[in-house]
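# Coordinate inspection notes
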Amino acid sequence: MTKRSSNPTDAVLVAIDMSKHRQEVLIERPEGGPRRRMTVMATKADYDRLATDLSDIGRPIIVGFEATGNYHRTLAHRLLSAGFELRLISSVALARTREALHNGWDKNDSKDAQVILHMLRIGATQRYVDPLAAGINDLQEMSKTHEAISKAKTQTWHRILTHYLPLYFPEIERFAGNSRSDWFLALLERFPTPASMTVLGQETFSREAWDLVGRKVSKARLINDIYETACASVALPVDEDSVSIAMFRMVIAQARNLIRQRDEIERTAHAMLAENRDYQLLRMIPGIGPINALTILAEAGDLRRFSHHRQFLKFCGLDLATRQSGTFRGRTMLSKYGNARLRRTFWMAAQVAARQRNNSFRDKLGRYTAGHADDADRRRKAMTALTAKMARVAHAVIKTGTEYRPFLERSDARWKAPSLQVP
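Within each chain, residues carry numbers counting from 1 in the order of the written sequence. Note on the predicted model: pLDDT of at least 70 is required for a residue's local features to be given, and 80 or more for side-chain atom pairs to be given and counted; whole-chain, interface and lining totals, by contrast, use all residues. Side-chain numbers here rest on the full set of heavy atoms in the structure, without hydrogens or water.

As recorded in an unreviewed UniProt entry, the chain goes by the name IS110 family transposase, listed as coming from Sphingobium limneticum.

In structure tokens form, the structure reads like this:
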């Protein structure tokens, strides 16, 4: 969300090209003269020296830098603690400006510092929000760790379904349910092969599997179905004490451990945010559960800093963009230049809301796709419109402090069909 921002006339501009081990610093005074260059290593002594040198100038300091993974966070926090104003430079804007200024794609640290200084001078910057200073660092760490664990759990679950089960118990997959089914993994960990069930006999197997299955409707019938499936299995005749089955159990234990870690993060997040008013307001919106609400607060911070919902849509990458030149006009699509995790979160929330009953999201989807039930492209565009609506509603309820009102929209609302694309 790069925009023009004015600088104080007496401000000293400091451009920093961030990297993992060293930072190239370029300092320009408002009265002109030679610019000062510095190389700052990623050490506490160098960070303190830079903060002291800037403080000794005795003028307002504006520091601009490009986000570089997480390597910029420590120096940025040190400079923010010293009382300097920090500006963030968009990576896309920096690359385009560098190509325009130097008429080429050549890139190096000193050249990047010059381009950052130019963008600071013209005010093409963004506001930098330090997660630790804003009080959202813990939320970000929980959100990102939950995402990493969920991805690892999904990969492990797919490995079980596509490798181990086809070899050692292919027929049991129909009882798997979803990846949150810990009872299924607990059953497999105890009985990884059909022979491990049938060797016990039906009564003994039912007795040992009873507590593993958990609370189920018609539990006795389910256990009997599993036993009969084991009796008719075409699985490889591998001994339960073999190394192959030991590897199978190791992967199952890994999947169960990931499920426990994910559930623990969800409980911690809810306990931390249960009294948070913004969290409560987000949870009232259809499709937004504990983790979606956590991700929105972690990635966007205080949504009240966006004065209009269009600014928030742009921050999420849900704003529309059109390529136009002369008489040519391209398709209108999403810019996707914003926060990808926020965009994905609102997309998933819209998917959930569209499957629920009696809410404006499902109502809008029905009107958008009326008469075109088999048109997958139209449904995708409609879901993109619902994603943008979800972001607007989230911004509105937090900015106004009012609860979501689950009313249905007017039936005479017009359908607009922009050519939208979401990955």
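Next up on the list: the nonpolar core. In this description, a nonpolar core means a group of buried Ala, Val, Leu, Ile, Met, Phe, Trp, Tyr and Cys residues linked to one another through side-chain atoms lying within 4.5 Å. Relative accessibility under 20% of the residue-type maximum defines a buried residue, over 50% an exposed one, and the middle range a partly exposed one, all with a 1.4 Å probe and only protein chains included. Ranked by internal contacts, the top residues of the largest apolar core, which has 50 residues, are Leu282, Ile285, Phe312, Phe346 and Met390. A helix here means a DSSP run of H or I that spans at least four residues, while a strand means a run of E at least two residues long, and both kinds are numbered starting from the N terminus. For this core, the secondary structure elements donating two or more residues are helix H6 (137-168), helix H11 (243-273), helix H12 (277-283), helix H13 (290-300), helix H14 (309-316), helix H15 (340-355), helix H16 (360-368) and helix H17 (376-400). Here the element with the most residues in this core is H17; it accounts for 11 residues. The criterion used for residue contact is that any of the two residues' heavy atoms lie within 4.5 Å. What Phe312 contacts, discounting residues up to four positions off in sequence, is Ala300, Leu303, Phe306, Leu342, Phe346, Ala391 and His395. Trp183, Phe191, Ala209 and Tyr227 belong to the second-largest nonpolar core, a separate cluster that totals 31 residues.

Turning to the pairing of strand E2 (residues 12-17), a few remarks are in order. For a regular strand, the rule is simple: side chains alternate between the two faces of the sheet. Burial analysis of E2 places six of its six residues in the buried class, which makes it a mostly covered element. Where burial is concerned, the two faces of E2 agree: the one with Val12, Val14 and Ile16 and the one with Leu13, Ala15 and Asp17 are both buried. Any two strands with at least two DSSP-identified bridges between them are counted as paired. As judged from the five bridges shared by E2 and strand E5 (residues 61-66), these two strands associate in the parallel manner. Across the sheet, residue Val12 finds its bridge partner in E5, namely Ile61. With five bridges joining them, E2 and strand E3 (residues 22-28) adopt antiparallel strand pairing. Within the sheet, the bridge partner assigned to Ala15 lies in E3 and is Leu26.

So, about helix H10 (residues 219-231). Expected span, for any helix, means 1.5 Å times one less than how many residues it has. The terminal C-alpha atoms of H10 lie 19 Å apart, and with 13 residues this matches the ideal 18 Å at 1.5 Å per residue to within 8%. Taken together, the buried positions of H10 are occupied by Lys219, Leu222, Ile223, Ile226, Tyr227, Thr229 and Ala230. On an axial view of H10, the arc spanned by its buried residues comes to 160 degrees, and they lie on one face. Those residues of H10 that are buried are in contact with helix H7 (182-190), helix H8 (194-198) and helix H9 (202-213). Picture the helix axis, draw a direction to every C-beta atom, and the arc is the one those directions span.

Mapped onto the secondary structure, Arg215 falls in the loop between H9 and H10. Residues Arg215 and Trp183, spaced 32 residues apart in sequence, show a C-alpha to C-alpha distance of 9.4 Å.

Considering the arrangement of structural elements, one finds Ser206 in helix H9. With residues up to four places along the chain from it excluded, the contact list for Ser206 reads Ile223 and Asn224.

Another aspect to go through is the UniProt feature "domain: Transposase IS116/IS110/IS902 C-terminal" (unreviewed entry) in the chain. UniProt positions are given in the numbering used here, feature names are shortened, and annotations may be inferred rather than shown by experiment. The positions UniProt marks with the feature "domain: Transposase IS116/IS110/IS902 C-terminal" (unreviewed entry) are residues 280-363. Secondary structure content for residues 280-363 is 51% helix and 15% strand, while the C-alpha to C-alpha distance between its ends is 24 Å.

On to unusual backbone geometry. One non-glycine residue, Ser218, lies in the positive phi region at around 55 degrees. Here Lys336, not a glycine, exhibits a phi torsion of approximately 60 degrees, which is positive. Positionally, Lys336 belongs in the loop between strand E9 (328-334) and H15. Classification of Lys336 as partly exposed rests on a relative accessible area of 32%.

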